[in-house]
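Per-entry structural report
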Amino acid sequence: MLFIVLYFFKINNGIADDLLDPKLVFRQNCEVRPTEMASTTQLCSDTSEAIELFEPQKLYLKPIAKLSISVTLPQLKSPGKSISNWEVMEKLKNMVHPDQFIILRVKQSSLDFIRFEAEVETKALLKVLILRLDGKSIKLSGFSEMLKVRAAEAKVPHPTRHDWDSFFRDAKDMNECNPGERPDTIHLENLPGKWFSTKKDPDKPSEFIVRKIFEQYGELRNVDIPILDSYRHENQITGGKFGNFSFGGSITFNAYIQFTEYIGFVKAMDSLKGMKLMRKDEGKAHTVDFKVDFDKTKHMSAKAIRRRIKERERLIQLEKEREELKKREREAEEHRLEDERRKKEEVEREKQRRKIEKTMRRMSRQEKREERRRVRREERKRIQAEFELQRKIAMEERKLLLAQRQLQSIRLLTELFNRLKKVRQQEEVQRKVAEIQSERIKQIEKERKKKQEEERKKKKQEERKARELRRRESKLKKKLLKNMEDRNEKRKIEEMEELRKKVVAGKARLKSAVISTHKKKQTEMKAVRSKVVSSTVPHKR
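Since the model is a prediction, treat every value here as computed from it, not as a measurement.

The subject of this paragraph is the packing of aromatic side chains. Per the counting criterion, the structure on display carries eight aromatic pairs. A ring pair is formed by phenylalanine 196 and phenylalanine 253, whose centres lie 5.6 Å apart and whose planes are at 85 degrees; its orientation type is edge-to-face. Highlighted residues: phenylalanine 196 in the loop between β11 (185-192) and α5 (207-214) and phenylalanine 253 in strand β13 (residues 252-259), separated in sequence by 57 residues. Side by side, phenylalanine 196 and phenylalanine 253 carry an identical accessibility label, which is buried. On the numbers, 6.3 Å between centres and 35 degrees between planes, the contact of tyrosine 262 with phenylalanine 265 is tilted. Of the two residues, tyrosine 262 and phenylalanine 265 both sit in helix α7 (residues 262-272), three residues apart, roughly one turn of that helix. A relative accessible area of 0% places phenylalanine 265 in the buried class. In this structure an aromatic cluster arises from ring pairing among Trp164, Phe167, Phe168, Tyr262, Phe265 and Phe294.

Turning next to the pairing of strand β10 (residues 146-153). With five bridges joining them, strand β6 (residues 65-72) and β10 adopt antiparallel strand pairing. Within β10, the residue paired with serine 70 across the bridge is arginine 150. Taken together, the three bridges between strand β9 (residues 137-139) and β10 define a ladder with antiparallel strand orientation. Counted as the bridge partner of serine 137 is lysine 148 from β10. Hairpin geometry of β9 and β10 is characterised by an intervening segment of six residues between the two adjacent antiparallel strands and by a positive phi of about 95 degrees at glycine 142.

Chain-level statistics for the protein chain give a pLDDT mean of 81 and a share of 83% at 70 or above. No element of the protein chain has a lower mean pLDDT than strand β1 (residues 25-27), which averages 31, and none a higher one than strand β16 (residues 291-294), which averages 92. In this model residues 238-249 is a low-confidence stretch, pLDDT under 50, and it forms 18 contacts with partners more than four residues away in sequence or in other chains.

Let's shift gears to the sheet that holds strand β15 (residues 284-288). Strand order in the open sheet formed by five strands is β3-β15-β14-β5-β4, and the pairing between neighbours is antiparallel. Each having just a single partner strand, β3 (42-44) and β4 (51-54) make up the two edges of the open sheet. In this sheet, adjacent strand axes meet at a mean angle of 40 degrees when their direction is disregarded. As defined by bridge partners, β4 adjoins strand β5 (residues 59-63) across three bridges and the pair is classed as antiparallel. Pairing of phenylalanine 54 across the sheet is with leucine 59, part of β5.

Relative to strand β8 (residues 113-120), strand β7 (residues 103-109) runs antiparallel, the two being bridged by six bridges. The residue bridging isoleucine 103 from the neighbouring strand is glutamate 119, located in β8. Joining the antiparallel neighbours β7 and β8 is a turn of three residues.

The subject of this paragraph is the pattern of salt bridges. Counted according to the given criterion, the structure contains 40 salt bridges. Of the charged contacts in the structure, one is a salt bridge between glutamate 121 and lysine 62, with a shortest N-O distance of 3.7 Å. Highlighted residues: glutamate 121 in the loop between β8 and α3 (123-133) and lysine 62 in strand β5, separated in sequence by 59 residues. The same class applies to glutamate 121 and to lysine 62, which are both buried. The partner of arginine 382 in a salt bridge is glutamate 386, with the nearest N and O atoms 3.2 Å apart. Separated by four residues within a single helix, arginine 382 and glutamate 386 lie in helix α8 (residues 302-501), roughly one turn from each other. The structure contains a network of salt bridges with shared partners spanning Glu338, Asp339, Arg341, Arg342 and Glu345.

Glancing now at the nonpolar core. Ile186, Leu188, Phe196, Phe214, Ile257, Phe259 and Leu277 are the most contacted members of the largest nonpolar core, which totals 36 residues. For this core, the leading source of residues is α7, giving five residues. In this structure, Leu104, Phe116, Leu133 and Ile138 belong to the second largest nonpolar core, which totals 28 residues.

This part is about α7. Restricting attention to buried positions, one finds in α7 the residues Gly264, Phe265, Val266, Ala268, Met269 and Leu272. Taken from the residues just after α7, glycine 274 is the one with a positive phi, measuring 65 degrees.

Let us look at the environment of methionine 146. Following the sequence through the fold, methionine 146 ends up in strand β10. Considering only alpha carbons, one finds methionine 146 and leucine 73, 73 residues apart in sequence, at a separation of 8.7 Å.

This paragraph deals with the sheet that holds β11. In space, the four strands of this open sheet follow the order β12-β13-β11-β16, with antiparallel pairing throughout. Each edge of the open sheet carries a strand with a single partner, namely β12 (220-224) and β16. Strand-to-strand twist in this sheet, taken as the mean axis angle between neighbours without regard to direction, amounts to 20 degrees. Relative to β13, β11 runs antiparallel, the two being bridged by six bridges. Directly across from threonine 185, in β13, lies its bridge partner glutamine 258.

Estimates place the volume of the second largest pocket at around 330 Å³. Taken together, 20 residues line the second largest pocket, and the ones lying closest to its centre are Asp224, Asp229, Arg232, Arg308 and Arg312. At the level of secondary structure, the elements contributing two or more residues to the lining of the second largest pocket comprise α5, β12 and α8. The element best represented in the lining of the second largest pocket is α8, accounting for six residues. Counted by class, the lining of the second largest pocket contains eight nonpolar, four polar and eight charged residues.

The next point concerns a nonpolar patch on the surface. A contiguous nonpolar patch, built from Leu413, Leu416, Phe417 and Leu420 and spanning about 390 Å² of accessible area, is present on the exposed surface. Note on placement: leucine 413 falls in helix α8. Note on leucine 413: relative accessible area 42%, which makes it partly exposed.

Turning to the packing of helix α2 (residues 85-96) against α3, a few remarks are in order. A packed helix pair is summarised by two numbers, namely the angle formed by the two axes and the spacing between the axes. Two elements in contact, α2 and α3, have axes whose closest approach is 9 Å; the angle formed by their N-to-C orientations is 115 degrees. As for how α2 packs across α3, the hand of that crossing is right-handed. Residues Leu92, Met95 and Val96 of α2 form the contact with α3, whose own contacting residues are Leu129, Arg132 and Leu133. The residue inventory of the contact of α2 with α3, partitioned by class, reads five nonpolar, no polar and one charged.

Calculation rules
Residues numbered from 1 in each chain as written. Predicted model: local features only at pLDDT ≥ 70, side-chain atom pairs only at ≥ 80, totals over all residues. Heavy atoms only, no water. Phe/Tyr/Trp six-rings, centres within 6.5 Å; stacked < 30°, edge-to-face > 60°. Helix = DSSP H or I, 4+ residues; strand = E, 2+ residues; numbered from the N terminus. Buried < 20%, exposed > 50% of the residue type's maximum accessible area, 1.4 Å probe, protein only. Pairing = 2+ DSSP bridges. pLDDT = per-residue confidence, 0-100. Contact = heavy atoms within 4.5 Å. Axes fitted to C-alpha atoms, helices over the stretch in contact; angles between N-to-C directions. Salt bridge = Lys/Arg side-chain N within 4 Å of Asp/Glu carboxyl O. Core = buried A, V, L, I, M, F, W, Y, C linked by side-chain atoms within 4.5 Å. 1 Å grid on protein atoms, 1.4 Å probe; cavity = no way out; pocket = protein on both sides within 12 Å on 5 of 7 lines; lining within 4 Å. Points joined across faces, edges and corners; volume = space filled by probe spheres on them. Nonpolar A, V, L, I, M, F, W, Y, C, P; charged D, E, K, R; others polar. Patch = residues over 30% accessible without salt bridge, like charges linked within 9 Å, V, L, I, M, F, W, Y side chains within 5 Å. Areas by Shrake-Rupley, 256 points an atom, 1.4 Å probe, with all protein chains shown as cover. Left-handed = near helix turned anticlockwise from the far one by under 90°.

Dropping the structure here:
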């Protein structure tokens, strides 16, 4: 299953390899088909060369633009080495880029060359692509040699006047004096049925429309569309392939067009030469290939027409006989079924009668049983009524006894509750007195705790103020000490400056002055420290 999916994926993406048959056709729109002509509809993007065929049906003729491409292959020296047709086709597609091929297929393949047949949109584009391809070379991976490419316009196969003249001249069983045995009939194959249909019957071609199309070339003697004849044998309709279907599922058909005059036949053959059919629908154009040939089978000869009419009458007669036979068989079957139905009805009536008798007997027995049951039920009801009356009397007596006992109980309980109420009232008074005393004690305790709390808060506030005063005092002392040190330092610097000025007086004098100054400074510092220490001692309150 996976292989099939991959295979169709390759086809839908325009990919093929050497495992594919070289006779398969690779379309630009990713279709694969055999080399024989098929009726696949193609989307047409350029309608500039279209020639009107029949405007009511939006039918046109478009020239077929085909070219033949030959690629010369190098000698394969290594065993097992091969050349991929797909790679060669991709190279050719790249050479014509940005233009594209509608169809590109391998027509002939050998050890020396590969011949491709390609189709493009228009004749003008055909000349451009021939200039791009002819005489050029391509390089394949794995090969050092260049592959030579030759391109030329390909001839579209179409019968010529020489072909039908020589055929009818050399035919032994043809008489050119008789219609259908001379060049007057065109045989068309693979025409799409929907393109030639009417709105009333869109699935089948219309002979009227076919006549209207070809009457513009000349007067018509006869038109035959085998697929419209329901009595025609299969091999008379499509040559052994009944009901050709295209890729899209529409029916294709063959047609025989017989002209009265030879000139009409020639005009039609010349007009259809190298053409394909095109239809414009809802802003889009589609083309389809169809085969044109002159009739070589005397299909429209008087003898063949009489034979077909006779065969048709024979088939109609056979069909009538078959219908008559089926009718007789159907009537016989209906009579047989009617007899069986009557027998079944009689059997059913007998069964119904027996069933009714059986039902009557069963109903009689059932009525007797019901009567016995009714008597027994009435007896049980009487006994039950007596028992129920006695039970009610006993219940009334018991209810009276219970009411007397209940009255005595109520009186006893009333007296008991009154006594209990007095005891409860005394207990309630005592409880309220105890609650009042307890509440008074709690109030006194609460006031005492509140007073203690206020004293404790006041004490904490005084301690906090004392700590704040000590912190401020310490800060002022540190500031005074720093100011004194700064003044002493300044004084020392001034003295040093004076000593420096007196250096000239001599070293001994300088030394004695420095020593005396140092001692003086030490004395002052001790005095300051003693003052600071004395000031930092806390005062007793």
